[in-house]
Amino acid sequence: MEKCLTQTLTLIILCLICAQSAADYVRPKPRGLLKFPWDRRDSLQPRQVHISLAGEDHMRVSWVTDDHSSPSIVEYGTSSGVYTSRAQGDSSSYSYMFYHSGNIHHTIIGPLELNTVYFYRCGGEGPEFKLKTPPAQLPITFAIAGDLGQTGWTKSTLDHIDQCKYDIHLLPGDLSYADYIQSRWDTFGELIQPLASSRPWMVVEGNHERESIPFFKGGFQSYNARWKMPYKESGSSSNLYYSFEVAGVHVLMLGSFAEYDEHSDQYSWLKADLAAVDRERTPWLLALFHVPWYNSNGAHQGEGDEMMAAIEPLLYAAGVDIVLTGHVHAYERSTRVYGGKTDPCGAVHMTIGDGGNREGLAHRFKDPQPEWSIFREASFGHDELKIVNASHAHWSWHRNDDDEPFRSDEVWITSLASTGCLADAAYERRQMLLAP
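Computed from a predicted model, the values in this text were never measured in an experiment. (Residues numbered from 1 in each chain as written. Predicted model: local features only at pLDDT ≥ 70, side-chain atom pairs only at ≥ 80, totals over all residues. Heavy atoms only, no water.)

## As for the overall build of the protein chain
Next up, step 1: Per the secondary structure count, the protein chain includes 8 helices and 24 strands.
Next up, step 2: A buried classification covers 57% of the 436 residues belonging to the protein chain.
Next up, step 3: Considering only contacts within the protein chain whose residues lie at least 6 apart along the sequence, 70% involve residues at least 24 apart.
Next up, step 4: Split by element, the accessible area of the protein chain, about 18400 Å² in all, is 52% carbon and sulfur. (Helix = DSSP H or I, 4+ residues; strand = E, 2+ residues; numbered from the N terminus. Buried < 20%, exposed > 50% of the residue type's maximum accessible area, 1.4 Å probe, protein only. Contact = heavy atoms within 4.5 Å. Areas by Shrake-Rupley, 256 points an atom, 1.4 Å probe, with all protein chains shown as cover.)

## Side note on the environment of isoleucine 73
Next up, step 1: Mapped onto the elements of the fold, isoleucine 73 is located in strand E3 (residues 73-77).
Next up, step 2: Accessibility expressed as a relative area gives 8% for isoleucine 73, which makes it buried.
Next up, step 3: Filtering out sequence-adjacent residues up to four positions away, isoleucine 73 remains in contact with Trp63, Arg86, Ala87, Gln88, Thr107, Arg121, Cys122, Gly123 and Gly124.

## Comments concerning the nonpolar core
Next up, step 1: Counting residues in hydrophobic clusters, the biggest one holds 106 residues, and the most contacted among them are Tyr120, Phe142, Trp201, Trp227, Ile311, Leu315 and Trp395.
Next up, step 2: Among the elements that take part in this core, helix H6 (residues 305-318) stands out by supplying 8 residues, more than any other.
Next up, step 3: Grouped together as the second largest cluster of nonpolar side chains are 9 residues, Trp153, Val328, Leu361 and Ala378 included. (Core = buried A, V, L, I, M, F, W, Y, C linked by side-chain atoms within 4.5 Å.)

## Observations regarding the sheet that holds strand E8 (residues 103-109)
The pairing of strands in a sheet happens through backbone hydrogen bonds and is either parallel or antiparallel.
Next up, step 1: A sheet is described by the order of its strands in space; here 4 strands give the open sequence E1-E2-E8-E5, paired in antiparallel fashion. Sheet topology places strand E1 (47-53) and strand E5 (90-92) at the edges, where each strand pairs with a single neighbour. For this sheet, the mean angle separating the axes of adjacent strands, direction not counted, is 20 degrees.
Next up, step 2: Pairing of E5 with E8, which is carried by 3 bridges, proceeds in the antiparallel orientation. Residue pairing for E8: serine 91 is matched across the bridge by histidine 105. (Pairing = 2+ DSSP bridges. Axes fitted to C-alpha atoms, helices over the stretch in contact; angles between N-to-C directions.)

## Some details on the confidence of the model for the protein chain
Next up, step 1: Model confidence for the protein chain is summarised by a mean pLDDT of 90, while 88% of its residues fall at 70 or above.
Next up, step 2: The model gives residues 1-8 a pLDDT under 50, and that stretch makes 1 contact with residues more than four places away or in other chains.
Next up, step 3: Low pLDDT (under 50) marks residues 10-28, which in the prediction has 24 contacts with non-local residues, meaning those over four places away or in another chain. (pLDDT = per-residue confidence, 0-100.)

## Comments concerning the packing of aromatic side chains
Next up, step 1: Applying the stated rule across the entire model yields 12 aromatic pairs.
Next up, step 2: Of the aromatic side chains, those joined through ring pairs into one cluster are Tyr331, Phe375 and Trp397. (Phe/Tyr/Trp six-rings, centres within 6.5 Å; stacked < 30°, edge-to-face > 60°.)

## Let's talk about the pairing of strand E11 (residues 140-144)
Next up, step 1: By the criterion of burial, E11 is predominantly enclosed, with 5 of the 5 residues buried.
Next up, step 2: Alternating residues of E11 divide into Ile140, Phe142 and Ile144 and Thr141 and Ala143, and every residue in both groups is buried.
Next up, step 3: Two elements, E11 and strand E12 (residues 168-171), share 3 bridges in a ladder whose sense is parallel. When the bridges of E12 are listed, alanine 143 appears paired with histidine 169.
Next up, step 4: For the crossover that starts at E11, traverses helix H2 (residues 152-163) and ends in the parallel E12, the hand is right-handed. (Right-handed = clockwise from strand over helix to strand, strands pointing away.)

## A short note on the state of the cysteines
Next up, step 1: Scanning all chains against the criterion turns up 1 disulfide.
Next up, step 2: The side chain of cysteine 345 participates in a disulfide bridge whose partner is cysteine 421; the two sulfur atoms lie 2.1 Å from each other. Between cysteine 345 and cysteine 421 the disulfide shows an S-S torsion of about -80 degrees. By sign, it is left-handed. One end of the pair, cysteine 345, is in the loop between strand E19 (341-342) and strand E20 (347-352); the other, cysteine 421, is in helix H7 (residues 421-424), with 76 residues separating them in the sequence. Each of the two residues, cysteine 345 as well as cysteine 421, counts as buried. (Disulfide = S-S within 2.5 Å.)

## What about helix H3 (residues 183-196)?
Side chains three or four residues apart in an α-helix point the same way, a direct result of the helix having 3.6 residues per turn.
Next up, step 1: Its 14 residues give H3 an end-to-end C-alpha distance of 19 Å, which sits within 8% of 20 Å, the value for a rise of 1.5 Å per residue.
Next up, step 2: Its axis deflected by about 30 degrees at glutamate 190, H3 carries its strongest bend there, up to four residues before the proline proline 194.
Next up, step 3: Turning to H3, its buried residues number three or more, namely Trp185, Phe188, Gly189, Leu191, Ile192, Gln193, Leu195 and Ala196.
Next up, step 4: Against E1, strand E10 (129-132), H2, strand E13 (201-203) and helix H4 (221-226) lie the buried residues of H3. (Expected span 1.5 Å × (residues − 1). Bend = angle between axes of the 7 residues up to and from the residue.)

## Observations regarding the environment of isoleucine 413
Next up, step 1: Of note, isoleucine 413 is situated in strand E24 (residues 404-414).
Next up, step 2: Its relative accessible area of 5% is what places isoleucine 413 among the buried residues.
Next up, step 3: A C-alpha to C-alpha distance of 9.9 Å links isoleucine 413 and threonine 335, two positions 78 residues apart in sequence.
Next up, step 4: Setting aside its immediate chain neighbours within four residues, isoleucine 413 contacts Trp284, Ile322, Arg336, Met350, Ser391, His392, Ala393 and Trp395.

## Thoughts on the pattern of salt bridges
Next up, step 1: Taken as a whole and assessed by the stated rule, the structure comprises 14 salt bridges.
Next up, step 2: Across the pair glutamate 245 and arginine 281 runs a salt bridge whose closest N-O atoms are separated by 2.6 Å. With glutamate 245 in strand E14 (residues 242-246) and arginine 281 in the loop between helix H5 (265-275) and strand E16 (284-288), this pair connects stretches of sequence that are 36 residues apart.
Next up, step 3: In the salt-bridge network here, residues are joined through shared partners; they are Glu75, Arg86 and Arg121. (Salt bridge = Lys/Arg side-chain N within 4 Å of Asp/Glu carboxyl O.)

## Here's the deal with the sheet that holds strand E4 (residues 85-88)
Next up, step 1: Ordered in space as E4-E3-E9-E10, the 4 strands form an open sheet in which the pairing is antiparallel. Either end of the sheet is taken by a strand with one partner, and the two such strands are E4 and E10. Here the average twist between neighbouring strands, direction ignored, is 30 degrees.

## Considerations on unusual backbone geometry
Excluding glycine, most residues fall at negative phi; most peptide bonds, likewise, are trans.
Next up, step 1: Omega for the bond connecting glycine 110 with proline 111 falls within 30 degrees of zero, at 5 degrees, which places this linkage in the cis form.
Next up, step 2: On the secondary structure map, proline 111 appears in the loop between E8 and strand E9 (117-122).
Next up, step 3: For the bond from aspartate 367 to proline 368, the omega torsion is 0 degrees, close enough to zero to count as cis.
Next up, step 4: Turning to its location among the elements, proline 368 is positioned in the loop between E20 and strand E21 (373-377).
Next up, step 5: Despite not being glycine, aspartate 174 shows a phi value in the positive range, around 65 degrees.
Next up, step 6: Relative to the elements of secondary structure, aspartate 174 occurs in the loop between E12 and H3.
Next up, step 7: Assessed through its relative accessible area of 1%, aspartate 174 is described here as buried.
Next up, step 8: Of note, the phi angle at tyrosine 180 is positive, near 85 degrees, even though the residue is not glycine.
Next up, step 9: Locating tyrosine 180 in the fold gives a position in the loop between E12 and H3.
Next up, step 10: Judged by relative accessible area, tyrosine 180 falls into the buried class, the value being 12%.

Structure, rendered in structure tokens:
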């Protein structure tokens, strides 16, 4: 009966969201969805454990239990089995049509020492987990993969990320590819737990997180319940966009699916956030969002144009160094660009929607290749960004080549703070950011 209801609901939803269907390019067959055998556990057992940054010197620990009376407690310390600190958080649950979630816990721990290993457990019992806090200063390494899903290619990508030494995982949207089937949020949480419980995962929403049903459900209910980011800590009014700082880097996590025009809350928040950035303290400025602005692939052409028209001038005025996006299931790297043309004071744009999603790769690139497009390829993989010091960073893209990580593209990037770009137009840029 439940299977029949699920199938019927799926058909109804497909009809309701047909206007959101993808462009008419043809993707090759990807690897199949992973199978997750049912695993009977104690109802108090923490599942889907993941961590994220939650303001200066603090981490948010999130997990799910089947028992709604389980406490939202995290015990932690710097020695295994010796928990010298304890924090209390809160929990909630949600219902989505015929699905009822477990109890979703969020607990902030800290203050924590930077560049330090902590051992912790959730709910007062269960297994012990281990995390490492980011460094206090440069260098710092980010692992990046967008449009993950939960296929065989996803598993390959995660295995490769697990082999690299990194401090924080960045994900520019499209996490679980649950697409209304809520149990897939649970299996995604189980899949990523080994990595996401040990290093902070900083994520932003994509179109596959929307899950809205006209007249029945608003968007992003499941995403907001499960993936709480530090939006309040950064002065934002929405979990769909926020910022954070770590080890000399200011990172903007922008919402492609939140309002972004000049009268919107996101636009006002972004101007205030950028005006407060101190490039002496954070010489690197990064931006992540889901839908790319610079895209020479045939897939999703023009979908970011309106956001680009509204937001790109602000990012240019602030001197954003690197923009990371997903959505297009391929890899592409640009030179520094602004307004559709190469510009030495613009941002380097990276499209990295190649984490392993079930929809396959977008093979059709446009010819001729635009002047601003430096490297492009339709393959699954992940990226690593090592910010070495205030002036230099190393970027590398690692293709999943027959299940082996293969470095296919790399480049050294010089920060705009170390060039004359910010100084040459400092007054004009500042005036734009501070203007009402």
